[in-house]
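One-letter residues, chain by chain:
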Amino acid sequence: MAFTVDVEDWFCSPELTLDEWERLELRIERPIYQILDLLDEQNAKGTFFVLGWIAEKRPYVVKEIARRGHEIASHGYSHRLVYQQSTTEFREDIRKSKHILEQITGMKVDGYRAPCFSITEPALDILSEEGFLYDSSVIPNTLNALYSKFNLAPSLLTPFKIKDNLWEIPMPVLNVGRVNIPWGGGGYFRIYPYRMFNRGARSIINNQGSFIFYTHPYDLDEGQPQIFNTSWINSIRRYYGLKHTAMKLRRLISHYSCTSIREYHSHIFEGK
């Protein structure tokens, strides 16, 4: 299993501006170190998709993630939805993030994940032009309105090459009838009972041969301010099960051999 973390804080939402972010409390350190310690317990590794804005504010956290042997990848700079940016704005956003992360760690950034999985086809072309090795933003054929819509054939639910130098590493979905249910983690991991999530993950691994898991630091932050209460559904999606996430992550990491995307799919990246 590839274990991934979208490194954003509790307020890093497209609904708020960067000026509004500046006035809010950064709480990311404790849950990030908690995730790192959970991974260390099992000698597991992961890929951390870091927001450039967060990296600027907490460079020593990014250095610690890298020091512990994890892959650093880009989550963009500002967490703006990709399809709400012009192509020029998107290129500037990923360039800025990539540069910040590479300056902090001294290592090349190969991977990208779009905020809220909002990737577009023109954005994939730009990622290729900017020297990224892979994107991990596509959640195939789901009903979630935030996600970009890619009607992929079943054969493309596993990694596939977009251009000569760029691979897509799709996020997992569980097919139930004609509906694909997102099954990669995040709020879904908090909401689903662990045994149910585990059965779905094993089914996907058996059918597709791979599984990409993701979480956020705020998924472990039970004490975060609850400002995103626009509806009861969104409130459940964002805040349900926070106090149980660390326990469920410990079980997941102990049940699977977890590593980074770069290592998990090294055979395709290296052409083996």
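First, a word on scope: everything that follows refers to the structure included in this document. (Residues numbered from 1 in each chain as written. Predicted model: local features only at pLDDT ≥ 70, side-chain atom pairs only at ≥ 80, totals over all residues. Heavy atoms only, no water.)

## Some remarks on the packing of aromatic side chains
Stage number 1. Per the stated rule, a full pass over the model turns up 17 aromatic pairs.
Stage number 2. With centroids separated by 5.4 Å and ring planes inclined at 20°, the aromatic side chains of Tyr134 and Phe269 adopt a geometry described as stacked. Remark: Phe269 occurs in helix 12 (residues 266–269) and Tyr134 occurs in strand 5 (residues 134–135); sequence separation between them is 135 residues. The two residues Tyr134 and Phe269 agree in class, both being buried.
Stage number 3. For the ring pair Phe189 and Phe213, a centre distance of 5.0 Å and an interplane angle of 80° mean the geometry is edge-to-face. With a gap of 24 residues between them, Phe189 in helix 7 (residues 187–191) and Phe213 in strand 10 (residues 212–215) connect regions that are remote in the sequence.
Stage number 4. What makes Phe213 buried here is its relative accessible area of 0%.
Stage number 5. Site record: aromatic cluster; members linked through ring pairs are Phe3, Trp183, Tyr188, Phe189, Tyr192, Tyr194, Phe197, Phe211 and Phe213. (Phe/Tyr/Trp six-rings, centres within 6.5 Å; stacked < 30°, edge-to-face > 60°. Helix = DSSP H or I, 4+ residues; strand = E, 2+ residues; numbered from the N terminus. Buried < 20%, exposed > 50% of the residue type's maximum accessible area, 1.4 Å probe, protein only.)

## Observations regarding the pattern of salt bridges
Stage number 1. A complete count under the given rule lists 20 salt bridges for this structure.
Stage number 2. Put simply, Glu29 and Arg58 hold a salt bridge, and the shortest N to O gap is 2.8 Å. Of the two residues, Glu29 sits in helix 2 (residues 29–41) while Arg58 sits in the loop between helix 3 (52–57) and helix 4 (59–67), which places them 29 residues apart along the sequence.
Stage number 3. Judged by its relative accessible area of 27%, Glu29 falls in the partly exposed class.
Stage number 4. When the shortest N-O distance is used, the salt bridge between Arg30 and Asp221 registers 3.9 Å. Pair noted here: Arg30 is in helix 2 and Asp221 is in the loop between strand 10 and helix 9 (232–239), with a separation of 191 residues, a long-range link.
Stage number 5. One network of salt bridges, in which partners are shared, links Asp37, Asp40, Glu64, Arg67 and Arg68. (Salt bridge = Lys/Arg side-chain N within 4 Å of Asp/Glu carboxyl O.)

## Details of the nonpolar core
Considering soluble globular proteins, one finds that nonpolar side chains tend to be buried as a cluster.
Stage number 1. Membership of the largest hydrophobic core comes to 80 residues, with the highest contact counts inside it found for Phe3 and Phe48.
Stage number 2. Other than its neighbours up to four places away in sequence, Phe3 contacts Ile35, Leu39, Lys45, Gly46, Thr47, Phe213, Thr215, Leu249, Leu252, Ile253, Cys258 and Thr259. (Core = buried A, V, L, I, M, F, W, Y, C linked by side-chain atoms within 4.5 Å. Contact = heavy atoms within 4.5 Å.)

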